[in-house]
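# Tertiary structure, described
What follows is the residue order along each chain.
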Amino acid sequence: MFLHHKEPHRKGKLLSPGRVSILSYAVLIMLGALLLLLPASTGKGHLGFVDALFTSASAVCVTGLTVVDTASTFTFFGKAVIMVLIQAGGIGIMVLSTMFLLTLGKRVGMTGRQMISDTYSYGQGKNVYSLVKEILIFTFVFELIGAALMLPDFLSRLPVDKAICYAVFHSVSAFCNAGFSLFPDSFTQYGSNWLINLDICALIITGGIGFIVMAEIRRKFSFSKRCWSKFSLHTKLTLTATMVLLAGSTLLFFALEWSNALKDLPLHAKFLASFFQAVNTRTAGFNTLDIGSLSNETLFISILLMFVGTAPGSCGGGVKVTTISSIAILGYSRFRGQENPHIFYRRVSDASISKAVSLIIISMIVIIIGVVLLQQAEIGDVSHNLTRGSFLEILYEVVSAFGTVGLSTGITPGFSKIGKLIIICMMFVGRLGPMGIAIAVSRKGKPSKFSYAQENIMIG
């Protein structure tokens, strides 16, 4: 009787949403690696297992870091596999699984419902089925529009079949914030093409805002003066933080690279390149400028932007704009001597602040561990005097992997097998979220029946 009583509890722990999510992504990455190892995936030569695993993980985690040239290494089949992995990783493996079950007329289990709710909502109890339909409709509609806008320009440069494939691939990659490109130099050849640049940026911003925010905008948007007041605090904070970050980072790139990477460009092209890089640095990983040629201060600003990332429930990574916004609101309130942090006539809950602080701390610890391990794997015990500049580059690659951004200074392909495995782990943790993994692998103890006496300590 005792064993029979404990069995459902153990099964519930084994099938917790966090663990199922980790297992689903791990299986998808391994399946993608095996498909990329097939002779049909590579036209010439042999792709090593680590490189195949790296490419698959980068695609599923919608990162965009590469160790081989995507265009020349993979065949049409291989590129199709990568695109499917990007789409699956962007939308979420559980959404695809749920839609498959719905097609078969089966009932979605409680684990699937809870996982989708945790991933794509912020506590308002949306209907799972309607949410999944909205996610798929938004995704495919925006990707179709994005591909249609790219197609005319691609048709003028490429054969019809290749132009269609390139348009669809880059549209999916942009909306899912993956940053994979079939061009060897990403979009540097389109640096002054306003249509391609703005199309890519629009797809990235839409995919990075989050499905919940987009659905709420669709339901509540109007041209009335009260439109803004109808939005939830989550939507207001996401939109405001996104606009502030885009405007601020564009101006920073424009100022810092004026006489460096932007010096040979006309004024309008300088602004376009700055905006494109500001959009891509937080999440996607496309570039129209050579990242390795950027100044140190620009690279450092880029690291901060990659750490912030996009909105919760979106295709992008990072600690999320609402997390950083919550901490900023708390700091501003404390600076003004106010006890409760608030914005837009709403108080930010203590639970949200606590989660934000915990997530930032865990994320910083993960990045520190990744940087130390990668330095040890690639540099070892070599003196600092002989490795000047390598720390910033390695930090850049680690944060890019953790934030699932995909921008690189160009050192990733030269990493050892151990270094590549470390980056794979960083991409995996960054995609699923450090806090989510910590919760998934930890066991909750019994609730305490008492609490200790509180005592203040000196801070600062």
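Refer to the preceding data block for the structure.
Residues numbered from 1 in each chain as written. Predicted model: local features only at pLDDT ≥ 70, side-chain atom pairs only at ≥ 80, totals over all residues. Heavy atoms only, no water.

## Structural notes on the packing of helix H5 (residues 76–91) against helix H9 (residues 160–175)
Using the following cut-off: The axes are straight lines fitted to the C-alpha atoms, using for helices just the contacting stretch, and the angles between their N-to-C directions are given from 0 to 180°. For the purposes of this entry, the term helix denotes a DSSP run of H or I that reaches at least four residues, the term strand denotes a run of E that reaches at least two, and both are numbered from the N terminus. If an angle is under 35 degrees, it is roughly parallel; if it is over 145, roughly antiparallel; if it lies from 65 to 115, roughly perpendicular; otherwise it is oblique. Handedness of a helix crossing follows the sense of rotation of the near helix relative to the far helix, less than a right angle counterclockwise being left-handed and clockwise being right-handed. Contacts are assigned to residue pairs that have any heavy atoms within 4.5 Å of one another. Polar here means any residue outside two lists: the nonpolar Ala, Val, Leu, Ile, Met, Phe, Trp, Tyr, Cys and Pro, and the charged Asp, Glu, Lys and Arg; Gly therefore counts as polar.
Between H5 and H9, whose axes approach to 9 Å, the crossing angle comes to 25°. With respect to H9, the axis of H5 lies roughly parallel. Of the two elements, H5 crosses H9, and the hand of that crossing is left-handed. Of the residues in H9, those touching H5 at Phe 76, Lys 79, Ile 82, Met 83, Ile 86 and Gln 87 are Cys 165, Tyr 166, Val 168, Phe 169, Val 172 and Ser 173. Across the contact of H5 with H9, the residue classes break down as nine nonpolar, two polar and one charged.

## Regarding the packing of aromatic side chains
Our working rule: Between rings of Phe, Tyr and Trp, where Trp is taken as its six-membered ring, a pair exists when centres lie within 6.5 Å; planes separated by under 30 degrees are stacked, by over 60 edge-to-face, and by other angles tilted. Relative accessibility under 20% of the residue-type maximum defines a buried residue, over 50% an exposed one, and the middle range a partly exposed one, all with a 1.4 Å probe and only protein chains included. A ring has a charge above it when a Lys NZ or an Arg CZ is no more than 6 Å from the ring centre and no more than 35 degrees off the ring normal.
Under the defined criterion, the tally for this structure stands at twelve aromatic pairs. Measuring from centroid to centroid gives 5.8 Å for Phe 154 and Phe 183, while their planes differ by 70°, and the two rings are edge-to-face. Placement of the pair is Phe 154 in helix H8 (residues 128–155) and Phe 183 in the loop between H9 and helix H10 (194–209), with a sequence separation of 29 residues. Ring centres 6.1 Å apart and planes at 85° place the aromatic pair Trp 228 and Phe 231 in the edge-to-face group. By relative accessible area, which is 33% here, Trp 228 ends up partly exposed. Residue classification places Phe 231 among the buried positions, given a relative accessible area of 8%. Through successive ring pairs, a cluster of aromatic residues spans Phe 154, Tyr 166, Phe 183, Phe 187, Tyr 190 and Phe 286. The aromatic ring of Trp 258 is capped on one face by Lys 270, whose charged end is 3.6 Å from the ring centroid.

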